[in-house]
Amino acid sequence: MSSALPGLRPLTQMGHSIIRVSCPCKGAAAQARQSIEAGRSSGTIANARHAHSTPQRDLTPTSAPFALAAASINATSRSSLRTSLISARPFSSGLSARADVQDSATARADLTKRRFWNKVTLSKAKGQAAGLTIELDGRPLKTPSGALLVVPQDRPLLASLIAREWAEQERILKSFTLPLTSLAARAIDGFATPEDREKVCDDLIKYLETDTVCYQEEEPPVLVKLQQEHWDPLISWVRSTFQVEVNPITSLLGSSQSPDTTSKLRSHISKYDSLELAAFERAVMSTKSFIIALKLLENSRNATAIQEAEEWGVEEAAQAAEVEVKSQTEKWGEVEDTHDVDHEDLRARLGSVALGLIKDDASLSERIIDAQNAS
């Protein structure tokens, strides 16, 4: 299906696999394409690796879009990202719109599971809500609870990529291809009240007690080496950044982290805004690690994180989460259609986390809409 946003390369052929590269940055998209075709990481892409072993496997769109895009946005590509977003035309396709569209475009899409819209556009939220909305033929997207899906003005990239998700839907709606839409909806529906936020924070801090990074083995040697390479630096980072003591656990009986450590870290995540907390929740659930998720969130939410993406980002977080699997596959090999799929799915989830947190000047949102309306 054709897309109207410039700077995107929809499909790239490599061997027998097809990967969709959906980074809305002209420079980054071109470098991503070159990296995939060369079969190695390069340029602004931070260690973007992919497993391609199964003939005729279509990994779109759950693999490359978010992992590649998140790893591709650095200081060099930031200016071209702005240019690409501002020059974007309405997100449209060749499908004709169907009649009797309801006020809630999301409700109808969920009911029919079929594409009924022709054009996807970004608009300023009406009424008291401040931010950006995504409209399907003029009808706004809403969350599962019925709330208007409003993206903060300082996250124009997130709004643009949500629009891209809906513009690239084919005739049958596939909800698993809408990770950024679901992230934004979770931020609105999941944390509507202070009590909701408190409950989520209470649930997330429990992952610290069973954090995979803290439960370390003393053999086999290949596992010990991977732990030292990926987990020990994370423990050191938490200690120095938050001035807390994190204890690695090597005994079967285990032990718990100190109340002071738990209190400080819980207090920190409770200060996240709704999108940050939703992203953190997804990262924790995906990696099964509070510490890996915390490192990824802190790198992604800070202004300097874009420059640091090549040092520690989506790929590094995924590798840290895969330490135990990696030690097993090095000994026994990969299970086809299992390990390779999990490999890509994890990077897609973590990529959506990183992309959902990138902030920019709020005035960029207005320039994007003005350019869109003028085209």
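I will try to describe carefully the structure that is included in this document. Since the structure is predicted, the reported quantities are computational estimates derived from the model, not experimental observations. (Residues numbered from 1 in each chain as written. Predicted model: local features only at pLDDT ≥ 70, side-chain atom pairs only at ≥ 80, totals over all residues. Heavy atoms only, no water.)

### Considering the nonpolar core
The condition is simple: Here, nonpolar core means buried Ala, Val, Leu, Ile, Met, Phe, Trp, Tyr and Cys residues that are tied together by side-chain atoms lying within 4.5 Å of each other. Burial status follows relative accessibility: with a 1.4 Å probe on protein chains alone, a residue under 20% of its type maximum counts as buried, one over 50% as exposed, and anything between as partly exposed. Residue ranges for the domains originate in an automatic or database domain assignment.
Formed by 76 residues in total, the largest nonpolar core has its most connected members in Ile134, Ile162, Trp166, Phe280 and Leu294. Counting contributing residues per domain, this core is built from domain 1 (106-189) and domain 2 (193-360), each supplying no fewer than three.

### As for the side chain of Glu322
Note the threshold: Runs of H or I in DSSP of at least four residues are treated as helices and runs of E of at least two as strands, each being numbered from the N terminus. What makes two residues a contact is simply this: any of their non-hydrogen atoms within 4.5 Å.
Considering the arrangement of structural elements, one finds Glu322 in the loop between α13 (314-321) and α14 (323-332). If we skip the residues at most four places from it in the chain, Glu322 touches His343, Leu346 and Arg347.

### As for a negative patch on the surface
Note the cut-off: Patch definition: residues with relative accessible area over 30% and no salt bridge; like charges joined within 9 Å; nonpolar side chains (Val, Leu, Ile, Met, Phe, Trp, Tyr) joined within 5 Å. Residue-level accessible areas treat just the shown protein chains as cover; the underlying method is Shrake-Rupley with a 1.4 Å probe. The term salt bridge refers to a pairing of a side-chain nitrogen on Lys or Arg with a carboxyl oxygen on Asp or Glu at a separation within 4 Å. Only four residue types enter the charge count, namely Lys and Arg as positive and Asp and Glu as negative; His and the chain termini do not. A charge is said to be at NZ when it belongs to Lys, at CZ for Arg, at CG for Asp and at CD for Glu.
Taken together, the side chains of Glu217, Glu218, Glu219 and Glu324 make up a negatively charged region of the molecular surface. If you trace the backbone, Glu324 turns up in helix α14. When its relative accessible area of 41% is taken as the criterion, Glu324 is described as partly exposed.

### What about the packing of helix α9 (residues 259-269) against helix α11 (residues 290-301)?
The relative placement of two packed helices comes down to the angle between their axes together with the axis-to-axis distance. The cut-off we apply is this: Lines are fitted to the C-alpha atoms to define the axes, a helix being fitted only along its stretch in contact, and any angle between axes, read from their N-to-C directions, falls within 0 to 180 degrees. Any angle from 65 to 115 degrees is called roughly perpendicular, while one under 35 is roughly parallel, one over 145 is roughly antiparallel, and all others are oblique. In this scheme the handedness of a crossing depends on how the near helix is turned from the far one: anticlockwise by less than a right angle means left-handed, clockwise means right-handed. Any residue outside Ala, Val, Leu, Ile, Met, Phe, Trp, Tyr, Cys, Pro, Asp, Glu, Lys and Arg is labelled polar, Gly included; the first ten of those are nonpolar and the last four are charged.
Interhelical geometry of α9 versus α11 gives an angle of 40 degrees and a closest axis separation of 12 Å. One finds that α9 runs oblique with respect to α11. The interaxial crossing formed by α9 with α11 has left-handed handedness. Residues Leu265, His268 and Ile269 of α9 form the contact with α11, whose own contacting residues are Phe290, Leu294, Glu298 and Arg301. A per-class count over the contact of α9 with α11 returns 4 nonpolar, 1 polar and 2 charged.

Interpretation note: all reported values are geometric properties and have no functional meaning in isolation.
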